[in-house]
Amino acid sequence: MSRPAEKPEVVELPADTPALAPASQRRAAQQRVREARDRLTSTSGTRPAFDRELLRQYAQTRISASYIVMLLVVATGLMLSVWLHALAAGAWTCGVLCIHAAIVRNCSNFLADQPSMAATRRWRTRFVLLDLLYGVCWMAILIHPALAEVLGTLMMFLMLLVIAVSSMLAANLPVAAVAVTAPVTVAITLSLALSGTFDNYLLAAFAVAAEGYFVLLAHQLHSTTLATLEARAEKDALIGELEQAKAISDEARYRAEAANVAKSRFLAQMSHELRTPLNAILGFSEVMKSEIFGAHAVPVYKEYSADIHNSGVHLLNLINEILDLSRIEAGRYELNEEAVALVHVVADCHHLLKLRASSRGLTIHEVFEQNMPRLWADERAIRQVVLNLLSNAIKFTPQGGEIWLKAGWTASGGQYLSVKDTGSGIPENEIPIVLASFGQGSNSIKSAEQGAGLGLPIAKNLIEMHGGTFTLKSKVRIGTEVIVTFPPERVMSALAPLSDEAPPLQPETVAAPAQEKRRLLRKPIMNAGTGL
């Protein structure tokens, strides 16, 4: 019969916790799945949102640099009119400006368009084709036969200028950067290579190297921009998670506060509803137990009356403990501080419970230091702490056991109280349980005298409200010791004297007029009016 009851305790939960505990692993797995999905749905291998953002930055860069590009085209057209016919140079300039205007117009339309995955792909293709057409226009003018007599260095300078400007403008769209610069580089390289001179060969090689350099620079700028976007997306995701967690915590706190208010109202109402009939039960049972109006016809009724009275007292004490704990947890428990002698309070509690300890065959030893100063504390709270600790020691100490009550000085100048017994002890893993509200250890459950599990939590909270410490030490089959300390600030002898000086009993202003009169009488007459 006992074997099935023990089976649920054999289950090991730590084996399942690694799959649930690390939130960072779940977040990393979700991010990997999201990145894989984005790579499958994206045209550039990045997230679709990043494609849209890169195109947006490309369009903004194009629009912001439109006047600079127009100035470059017009200046190039004027320079080429020296070698070309004015009509041909003007036609080329107008054509390039029209293509540039079409690019700017499309960029403006893209920024005004509604974002979507299909639209992003369509705009990406359109921008690449327009940049390719723009590069072909530059290629057409650079390989014009009329410019064959132009020096190679000048053409190289013009090519580098076009490649540098175009690659910087299209850095957020690497395919467009290659499309706009590759035709120019190929044309200049073939033109220089076909000339057959060694210098032109070197210039052709330099042109290819320059193209590679600017393409690599554009790719690096694109990678930097992409990394910035990823960092910003991660930051936004983290901020979103934090806001969601904050909303969840706020909602949980609101629910906890509402539950706490409901609990306080319930306890306040129930305490009144329970105490009213309980006082009547206690009063009438005490009258029946004492046989005030005459002896009972059946002697057993007197014992029943005593049992009813004792049960009512126990229920009243339990209600008081629950109310005290609820006030402490709600922060509404106020300390009525006054000068309290710790040794006297412990001795009074010992006297109250001495008969109960004697009936169980227990011996209580007192070890008190003499001439201890008073504490600035709440006497009712300290008395409740001592009664809870001493009653627990009596309850869980077997017959013939011993209990020690100690009170003395701490090393820091405070005072301490120790309650030590030779009971069954508490397992180390159950100490946090017995210190929690309504918590009971295994020995408490097995014993005949079970409580509500509120004595130790109330005592611990009351001591902490005084600024002290509550320490519980226990070993199985050896005993338990609870040490309560009060800080030196609570000791009356440690209080500093008042720094303000007392006012004089009589003011010393009476002798001042007489002294002034004697000084004037001793003053020479010749010095009158001289200021001496």
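On a predicted model such as this, the values are computed, not experimentally measured, just so you know. (Residues numbered from 1 in each chain as written. Predicted model: local features only at pLDDT ≥ 70, side-chain atom pairs only at ≥ 80, totals over all residues. Heavy atoms only, no water.)

Visitor: Any chance you could break down the packing of helix α11 (residues 300-329) against helix α16 (residues 455-465) for me, citing the residues and the numbers?
Guide: Interhelical geometry of α11 versus α16 gives an angle of 40° and a closest axis separation of 10 Å. By the angle class used here, α11 and α16 are oblique. Regarding α11 and α16, the two cross each other, and that crossing is left-handed. Judged by residue contacts, Glu-321, Asp-324, Leu-325 and Ile-328 of α11 engage Ile-458, Asn-461, Leu-462 and Met-465 from α16. Its residues assigned to classes, the contact of α11 with α16 comprises five nonpolar, one polar and two charged. (Axes fitted to C-alpha atoms, helices over the stretch in contact; angles between N-to-C directions. Helix = DSSP H or I, 4+ residues; strand = E, 2+ residues; numbered from the N terminus. Parallel < 35°, antiparallel > 145°, perpendicular 65-115°, else oblique. Left-handed = near helix turned anticlockwise from the far one by under 90°. Contact = heavy atoms within 4.5 Å. Nonpolar A, V, L, I, M, F, W, Y, C, P; charged D, E, K, R; others polar.)

Visitor: Could you give me a rundown of the pattern of salt bridges, with the residues and numbers involved?
Guide: In total, this model carries eleven salt bridges according to the counting rule given. Arg-56 serves as the salt-bridge partner of Glu-53, at 2.2 Å between the closest nitrogen and oxygen. Within this pair, Glu-53 and its partner Arg-56 are both found in helix α4 (residues 48-64), separated by three residues, close to a single helical turn. Among the residues examined, Glu-53 registers a relative accessible area of 14% and is labelled buried. Two residues, Arg-490 and Glu-337, come together in a salt bridge whose shortest N-O distance is 2.6 Å. A residue pair is termed long-range when its members are at least 10 positions apart, and Arg-490 in the loop between β7 (479-486) and α17 (512-521) and Glu-337 in strand β1 (residues 337-340) qualify at 153 residues. For Arg-490, a relative accessible area of 12% puts it in the buried group. Classification of Glu-337 as partly exposed rests on a relative accessible area of 31%. It is possible to trace a salt-bridge network through shared partners that takes in Lys-246, Asp-250, Arg-253 and Glu-257. (Salt bridge = Lys/Arg side-chain N within 4 Å of Asp/Glu carboxyl O. Buried < 20%, exposed > 50% of the residue type's maximum accessible area, 1.4 Å probe, protein only.)

Visitor: Which residues make up unusual backbone geometry, and what values go with them?
Guide: Backbone geometry at Glu-291 places phi at a positive 55°, although glycine is not the residue there. Structurally, the position occupied by Glu-291 is in the loop between α10 (198-290) and α11. Judged by relative accessible area, Glu-291 falls into the partly exposed class, the value being 26%. Phi at Arg-477 is positive, roughly 65°, even though this residue is not glycine. In this structure, Arg-477 sits in the loop between β6 (469-475) and β7.

Visitor: Could you give me a rundown of the packing of helix α13 (residues 379-395) against α16, with the residues and numbers involved?
Guide: At a closest axis distance of 9 Å, the pairing of α13 and α16 adopts a crossing angle of 145°. Considering the relative orientation of α13 and α16, their crossing is left-handed. Of the residues in α16, those in contact with Ala-381, Gln-384, Val-385, Asn-388, Leu-389 and Asn-392 of α13 are Gly-455, Leu-456, Ile-458, Ala-459, Leu-462 and Ile-463. Its residues assigned to classes, the contact of α13 with α16 comprises eight nonpolar, four polar and no charged.

Visitor: An account of the sheet that holds β6 is needed here, citing residue identities and associated values.
Guide: Within a sheet, adjacent strands bond to each other through the backbone by hydrogen bonds, running parallel or antiparallel. The strand order across the open sheet built from five strands is β2-β4-β5-β7-β6, with neighbouring strands paired in mixed fashion. The open sheet has two edge strands, β2 (363-368) and β6, and neither has a second partner. Shown here is a sheet whose adjacent strand axes are inclined to one another by a mean of 10°, direction ignored. Where β6 lies against β7, seven bridges are found, and the strand directions are antiparallel. In the strand pairing of β7, Thr-469 is matched with Thr-485. Docked against the sheet, α16 engages β6 and β7, running at close to 145° with respect to β6. (Pairing = 2+ DSSP bridges.)

Visitor: How would you sum up the nonpolar core? Please name residues and give values.
Guide: Within the largest apolar cluster, 48 residues are counted, with the highest numbers of intra-cluster contacts made by Phe-127, Tyr-134, Trp-138 and Ile-188. Contributions of two or more residues to this core are made by α4, α5 (66-80), α6 (86-112), α7 (117-142), α8 (152-169), α9 (174-193) and α10. Examining the composition of this core, we find that ten residues originate from one element, α7, more than from any other. If near-sequence neighbours (up to four positions away) are discounted, Phe-127 is found in contact with Leu-55, Tyr-58, Asn-106, Cys-107, Phe-110 and Leu-173. Grouped together as the second largest cluster of nonpolar side chains are 45 residues, Leu-342, Ala-357, Leu-454 and Leu-472 included. (Core = buried A, V, L, I, M, F, W, Y, C linked by side-chain atoms within 4.5 Å.)

Visitor: Provide a residue-level description of the packing of aromatic side chains, including the pertinent values.
Guide: With the rule as written, the count across this model stands at seven aromatic pairs. Where Tyr-58 meets Phe-127, the ring centres are 5.2 Å apart and the plane angle is 50°; that geometry is what we call tilted. Residue Tyr-58 is located in helix α4, and its partner Phe-127 is located in helix α7; the two are separated by 69 residues in the primary sequence. By the burial criterion, Tyr-58 is buried, and Phe-127 matches it. Each ring, one from Trp-92 and one from Trp-138, has its centre 5.0 Å from the other, and the planes form 80°; the classification is edge-to-face. One end of the pair, Trp-92, is in helix α6; the other, Trp-138, is in helix α7, with 46 residues separating them in the sequence. Residue Trp-92 is classed as buried on the basis of its relative accessible area of 11%. You can call Trp-138 buried: its relative accessible area is 1%. Through a chain of ring-to-ring contacts, the aromatic side chains of Tyr-58, Phe-110, Trp-123 and Phe-127 assemble into a single cluster. Note that Arg-62 overlies the ring of Tyr-134, its terminal NZ or CZ placed 5.8 Å from the centroid. The aromatic ring of Trp-123 is capped on one face by Arg-126, whose charged end is 4.4 Å from the ring centroid. (Phe/Tyr/Trp six-rings, centres within 6.5 Å; stacked < 30°, edge-to-face > 60°. Lys NZ or Arg CZ within 6 Å of the ring centre and 35° of its normal.)

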